[in-house]
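Architecture at a glance
So you can see what is in the structure, the chains are spelled out below.
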Amino acid sequence: MPISNASFIRSALALLGAGLVILIILAGSSVWLSERTRENAADVLEAQRIRAGTSHLLALLLDAESAQRGFLLTHETAYLEPYRIAVGQVTADLDLLKTMHQGDASQTELVEHLSTVIQEKFAELAHTIALAEAEQRPEALEIVNTDRGRKLTDDAREKLTGLLNRADARLNSDVRAMTSDARFLSFATIAGAILVFLVGSGSLFIVVRHTRDVIAARTEVLTLNETLEERVKERTTDLARANEEIQRFAYIVSHDLRAPLVNIMGFTSELEVGVSTVEQFLEQVGGGEGEAARAAVREDMPEAIGFIRASTKRMDRLINAILRLSREGRRTLAPERINLETLLEQLMANVQHQLSEAGGKIAVVKPIPMLVSDRLALEQIFGNLIDNAVKYLDAGRPGRISISASEQGRLIHFDIADNGRGIAAQDHDRIFDLFRRSGVQDRQGEGIGLAHVRALVRRLGGDISVKSELGAGTTFRVSLPRVFRQTSESVAS
Amino acid sequence: MNSEPQAVTIVMVEDDDGHARLIEKNIRRAGVNNEIIAFSDGTSALEYILGSDGSGEPSARRHLLILLDLNLPDMTGVDILAKVKANRHTRRSPVVILTTTDDQREIQRCYDLGANVYITKPVNYEGFANAIRQLGLFFSVMQIPETD
């Protein structure tokens, strides 16, 4: 399954955004609803206060009227007590009612009117009671009988009831609003909860899917890794086998090439013996005729035989070189801890005599690090390079050869530098090929040494390179691993 | 007991005619006149040495010296060497390995199997002739009549 990180991040971010928006909406509506509820509650309180005030006023009015009736009937001053209380409180109640309705234009007039009615009523009550107290009860009753007081009371009661109803209606509507708000709040909360749940499960789904994808991908990578290692192992085995085959091929070919060479060489010798027999015979016979035959036997045939012999000798050396390379390639390397300083000093001692005769010098720049490698191979590598350096010194100046080492990571570089005749740039690659040589061919050699050295260095897990300037000197750099480990070859053998 | 001293017969197993001729010439030149029987393949050589049934009976009363090349078309000389040295009638016959292989392991293997002399065929004629001459001397010694 292909994993798109971009799409995962996009969808995860979208879900996160959606969740955030939902949360903001939920919080906003909660704040808004609670604000509304607070307003409603305040309104309810107000309405209740209005209602209480109105009721109280009505009760005062009725109390005062009852007190008046009772006093007029009995002329007992005890009945007047509620009236006096009512008179003491009515003005405050009216003022309160007025302030409560101050903001409401439609009600101000009604309240003003109510106030006048109540004041008139209380004036009437005060008048009748005053008459009764002055022993003028008939006049007082006369006034009561006019029904003006009752009408005033009815008028006030009607208006107060209206106010009460209004307050009740207001209370009712507030309660309804609060109920609907509460319902809306719970609805919004439930809806929000559902949405949050959906967003949450969506996120969970995406994360789970993504995690599963990642795990699947990792498993795939692991499997690939394992098969990769296996494939590398297979290739290595194949390569080692191919290498082995080439070595065997070189070995067999050189052996089979040798068989005819033995014949050529052997029969050349037979010919030589034959020629000398013929020559002796011709010498004995003497005489003028046969001079041409004598010349052939004396000069042409030995010359031909000489060339044949030189060629076969050369061919034998070449075949031997191939054999040596092939055998070296098949030799099992035995890594051991090697003090290269001592090894180099031994090698240098071999050339010291030849070198000092011509006034040359060879030196090792110490320290040379220890390394774990194959001793025989190292001897051949450095032996060949030192021999080459000595062999190709410039006759015009005293030879200077130095061997130094530098470490770089797991590699050690060895530089074998000389001030010899140098190698032309176009030959820098060629000199490592078998049977190839560079420069003036005035020294013995088959062009095998450097090919052999390179094969050995590579077998030891390293490489060799050359830097040289014609007429100035040459530096061979051998890079070897500090610790040689058997790798592909141990698989093959 | 045969009173007549038994002459040593040289059995030469060599597939290269040129080599065979050179070997023979040099043996003769060294003054060895023993009979030389040449075989160019391993099968017929083994048939002569061990008989057609492979028992070695025909060689019971013969004195053989075997010159063996290792690279033969039908088998390696090592196989022949092993068979000759395993047979009770032929195991005392000297075997000279004469081949181009100078591989140390191969040489060691031949000596382990009982080869008496191992000579690497040199291209250098002088060396070659010298080796053959030494062989010739060796053959001369072999010519001394045996007492049994």
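Shown above is the structure to which this text applies.
The text that follows walks through the structure, step by step, so that each part is easy to find. Quick caveat: nothing in here was measured; it's all calculated off a predicted structure. (Residues numbered from 1 in each chain as written. Chains lettered and ligands numbered in written order. Predicted model: local features only at pLDDT ≥ 70, side-chain atom pairs only at ≥ 80, totals over all residues. Heavy atoms only, no water.)

Observations concerning the pairing of strand β1 (residues 8-13) of chain B
Residue and element names in this part refer to chain B. The criterion, for reference: Working definition: with a 1.4 Å probe on protein chains only, accessible area under 20% of the residue-type maximum means buried, over 50% means exposed, and in between means partly exposed. Helix numbering and strand numbering both begin at the N terminus, where a helix is a DSSP run of H or I of at least 4 residues and a strand a DSSP run of E of at least 2. Strand pairing requires that DSSP identify at least two bridges connecting the strands. Here a crossover is taken to be right-handed if, once the strands point away from the viewer, the path from the first strand over the helix to the second is traced clockwise.
Taking burial as the measure, the six residues of β1 include six buried ones, the bulk of the element. A two-sided burial pattern is seen for β1, the buried positions comprising Val8, Ile10 and Met12 on one face and Thr9, Val11 and Val13 on the other. Of the strand pairs in this sheet, β1 and strand β3 (residues 63-68) are connected by six bridges, and their pairing is parallel. Looking at β3, one finds that Thr9 is bridged to Leu64. You can see the chain leave β1, run along helix α1 (residues 17-29) and come back into strand β2 (residues 36-39), and the turn it takes is right-handed.

Describing the environment of Gly192(A)
Residues and elements named next belong to chain A. Short version of the rule: We call two residues in contact when some of their heavy atoms are within 4.5 Å.
Looking at where Gly192 falls in the secondary structure, it is placed in helix α5 (residues 148-285). Residue classification places Gly192 among the buried positions, given a relative accessible area of 3%. Between the C-alpha atoms of Gly192 and Gly19, which are 173 residues apart in sequence, the distance is 9.5 Å. When neighbours within four sequence positions are excluded, Gly192 is seen to be in contact with Ile22 and Leu26.

Comments concerning the pattern of salt bridges
Residues and elements named next belong to chain A. The line we're drawing: Salt bridge, as used here: a side-chain nitrogen of Lys or Arg that lies within 4 Å of a carboxyl oxygen of Asp or Glu.
One pass over the full model with this rule turns up 31 salt bridges over all chains. Here Arg241 and Asp238 are joined by a salt bridge, their closest N and O atoms 3.8 Å apart. Of this pair, Arg241 and Asp238 both sit in helix α5, three residues apart, roughly one helical turn. Taking relative accessible area as the criterion, Arg241 reaches 52% and is therefore assigned exposed. Relative accessible area serves as the criterion here: at 45%, Asp238 is assigned to the partly exposed category. The shortest N-O distance in the salt bridge between Asp316 and Arg258 comes to 3.6 Å. Note that Asp316 is positioned in helix α6 (residues 291-330) and Arg258 in helix α5, a separation of 58 residues in sequence. Like Arg258, Asp316 is buried.

Comments concerning the environment of Leu347(A)
All names here are of chain A. Within the secondary structure, Leu347 is located in helix α7 (residues 340-357). A C-alpha to C-alpha distance of 9.6 Å links Leu347 and Gln380, two positions 33 residues apart in sequence. Dropping the residues within four chain positions of it, Leu347 is found in contact with Glu379, Phe382, Gly383 and Ile386.

Overview of a nonpolar patch on the surface
All names here are of chain A. Convention followed: Here the term patch refers to residues with relative accessible area over 30% and no salt bridge, with like charges joined within 9 Å and nonpolar side chains (Val, Leu, Ile, Met, Phe, Trp, Tyr) within 5 Å. To measure how exposed things are, a 1.4 Å probe is used in the Shrake-Rupley method; for residues, cover is taken only from the protein chains shown.
Together, Ile190, Ile194, Leu195, Phe197 and Leu198 make up a nonpolar patch on the protein surface, roughly 510 Å² of accessible area in all. Mapping Phe197 onto the fold places it in helix α5. You can call Phe197 exposed: its relative accessible area is 60%.

Concerning the packing of aromatic side chains
Quick reminder of the rule: Aromatic contacts are taken between Phe, Tyr and Trp rings whose centres are within 6.5 Å, Trp giving its six-membered ring; a plane angle under 30 degrees counts as stacked, one over 60 as edge-to-face, and the others as tilted. Either the NZ atom of lysine or the CZ atom of arginine qualifies as a charge over a ring when it sits within 6 Å of the ring centre and within 35 degrees of the ring normal.
Within this structure, the stated rule accounts for six aromatic pairs over all chains. An angle of 20° between the planes, with centres 6.4 Å apart, marks the rings of Tyr83(A) and Phe122(A) as stacked. Remark: Phe122(A) occurs in helix α3 (residues 105-133) and Tyr83(A) occurs in helix α2 (residues 80-100); sequence separation between them is 39 residues. What makes Tyr83(A) buried here is its relative accessible area of 8%. On the accessibility criterion, Phe122(A) (8% relative accessible area) is buried. Both rings, one in Phe432(A) and one in Phe476(A), keep their centres 6.1 Å apart while their planes meet at 85°; by these two values the pair is edge-to-face. On the criterion of sequence distance, the pair formed by Phe432(A) in the loop between β5 (411-418) and α9 (449-459) and Phe476(A) in strand β7 (residues 473-481) is long-range, its members being 44 residues apart. If you follow Arg62(B) out to its NZ or CZ, it ends over the ring of Tyr48(B), 4.4 Å from the centre.

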